[in-house]
Amino acid sequence: MALSVRFFQSGYCRQSNAMSGGTGWQWRRYYAVFLLVSHPEQGNVLIDTGYSQDFFDATRWGMAFLSRLMLPATLDQHLDAAGILNSCGVAPETIRSIFITHFHADHISGLKRFPNSRYSARRNAWSYLASLSSWGKSQELLFPTLVPDDFEQRTDWIEEHEFADAHSSLPGFRLLDYWKDGSMFLVDLPGHAIGQYGLFFPGLPRPLLYVVDAAWNLQAMRSGRQIPSPLMFLQHDAKAYRETWTTLRSLQSENKIDMIACHCQETQARVENLGADHAH
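Residues numbered from 1 in each chain as written. Predicted model: local features only at pLDDT ≥ 70, side-chain atom pairs only at ≥ 80, totals over all residues. Heavy atoms only, no water.

**A word on helix 5 (residues 123–130)**
Thought 1: Residues of helix 5 that are buried: Ala125, Trp126 and Leu129. Projected down its long axis, helix 5 shows its buried positions confined to an angular sector of 95°, all on one face.
Thought 2: Taken together, the buried residues of helix 5 touch strand 6 (118–122), helix 6 (134–139) and strand 7 (155–158). (Buried < 20%, exposed > 50% of the residue type's maximum accessible area, 1.4 Å probe, protein only. Helix = DSSP H or I, 4+ residues; strand = E, 2+ residues; numbered from the N terminus. Arc of directions from axis to C-beta. Contact = heavy atoms within 4.5 Å.)

**Quick word on the confidence of the model for the protein**
The predicted coordinates of low-pLDDT regions are not to be read in fine detail.
Thought 1: Overall, the predicted model of the protein reaches an average pLDDT of 92, with 96% of residues at or above 70.
Thought 2: This stretch, residues 275–280, has a pLDDT under 50; its non-local contacts, to residues over four places away or in other chains, come to 7 contacts. (pLDDT = per-residue confidence, 0-100.)

**Here's the deal with the sheet that holds strand 11 (residues 197–201)**
Within a sheet, neighbouring strands are paired by backbone hydrogen bonds and run either parallel or antiparallel to one another.
Thought 1: If you walk across this open sheet you meet the 6 strands as 8-9-10-11-12-13, and the pairing is mixed. Edge positions in the sheet fall to strand 8 (164–165) and strand 13 (258–260), since each of these pairs with one other strand and no more.
Thought 2: Where strand 12 (residues 208–210) lies against strand 13, 3 bridges are found, and the strand directions are parallel. Each residue of the ladder has a partner; that of Leu208, found in strand 13, is Asp258. (Pairing = 2+ DSSP bridges.)

**Remarks on the nonpolar core**
Thought 1: Within the largest apolar cluster, 64 residues are counted, with the highest numbers of intra-cluster contacts made by Leu85, Phe103, Phe151, Leu170, Leu209, Val211 and Leu248.
Thought 2: Here this core gets 5 residues from one element, more than from any other, and that element is helix 9 (residues 238–254).
Thought 3: Ranked by size, the runner-up nonpolar core spans 27 residues in total, among them Tyr31, Ile47, Phe99 and Val271. (Core = buried A, V, L, I, M, F, W, Y, C linked by side-chain atoms within 4.5 Å.)

**Details of the sheet that holds strand 4 (residues 73–74)**
Thought 1: The mixed open sheet is built from 7 strands, whose spatial order is 4-1-2-3-5-6-7. The two strands at the open ends of the sheet, each matched to only one other strand, are strand 4 and strand 7.
Thought 2: Across 4 bridges, the pairing between strand 6 and strand 7 is parallel. Residue Arg122 lies in a different strand from strand 7, and its bridge partner there is Ile158.
Thought 3: Of the strands in this sheet, strand 6 and strand 7 are in contact with helix 5, which crosses strand 6 at around 85°. (Axes fitted to C-alpha atoms, helices over the stretch in contact; angles between N-to-C directions.)

**What to know about the pattern of salt bridges**
Thought 1: Taken as a whole and judged by the stated rule, the model has 14 salt bridges.
Thought 2: Note that Arg174 and Asp188 form a salt bridge whose closest N and O atoms lie 2.9 Å from each other. Of this pair, Arg174 sits in strand 9 (residues 174–177) while Asp188 sits in strand 10 (residues 185–188), and the two are 14 residues apart along the sequence.
Thought 3: The exposure class assigned to Arg174 is partly exposed, which follows from its relative accessible area of 28%.
Thought 4: When its relative accessible area of 13% is taken as the criterion, Asp188 is described as buried.
Thought 5: Put simply, Asp258 and Arg270 hold a salt bridge, and the shortest N to O gap is 3.0 Å. Taken together, the residues span a long stretch of sequence, with Asp258 in strand 13 and Arg270 in the segment after strand 13 at a distance of 12 residues.
Thought 6: Its relative accessible area of 36% is what places Arg270 among the partly exposed residues.
Thought 7: Taken together, the shared-partner salt bridges connect Arg122, Glu160, Arg174 and Asp188 into one network. (Salt bridge = Lys/Arg side-chain N within 4 Å of Asp/Glu carboxyl O.)

**Considerations on the packing of aromatic side chains**
Thought 1: In total, this model carries 14 aromatic pairs according to the counting rule given.
Thought 2: Each ring, one from Tyr51 and one from Phe55, has its centre 4.9 Å from the other, and the planes form 65°; the classification is edge-to-face. Summarising the burial analysis for this pair, Tyr51 and Phe55 share the class buried.
Thought 3: Here Phe185 and Phe200 contribute two aromatic rings whose centre-to-centre distance is 6.3 Å and whose plane-to-plane angle is 45°, an arrangement assigned as tilted. (Phe/Tyr/Trp six-rings, centres within 6.5 Å; stacked < 30°, edge-to-face > 60°.)

As structure tokens, then:
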């Protein structure tokens, strides 16, 4: 059995199309996508988890509530990642590990739904976030109640020295061959959030690069439109974000790999559990 990658969504927020570099101010849905990767030897793993009810519980007051007002979120049919996988015939208990691309709430809100899974996360990113005050964590869109109490004990830490310079298909990026078999590379994508990484699957029929939140709108990227300046200041490192985006755009123009972004509308063509009204 070859490695496979499946796309799902667990909820969405609504905000202006212009927020992602699109044209027009009409509101649209930004889906919280997560991936199921099935490896012939490593079994089933997830890339992020999207929203769950835990997100709404964690954002009832304070700065967390303000962020929820700015990005109003909805959980379709109250199904989180665990429920969605169950409905597709994948038992949550079979998820061996969850790869956390970064610690924003729309990517980690389902962690507690997988009490038997291990985690893979960057040690430096977590150490930085854990050291912040409550205010600092809110500014980084980390809401501590979303993180399981035994998170550190269950995490297989990703170390910075493990990233090496580029794969031949991804010039300009630092990568980590996670399973040492060339099937899945973690790709350093600095800027949007502390420690963000994407995933590269070179062995699929057409190589796939999942850029997570390093871009939100791939059509806008083709046209050279970045996110608006006010949103640029909300990135963890605006300079690094621009540099990452520019390098990705150059790679995109070569059209040698499939590039997928978490919140991009084009990604929804791959998502298995979208309803008929997903384009609203």
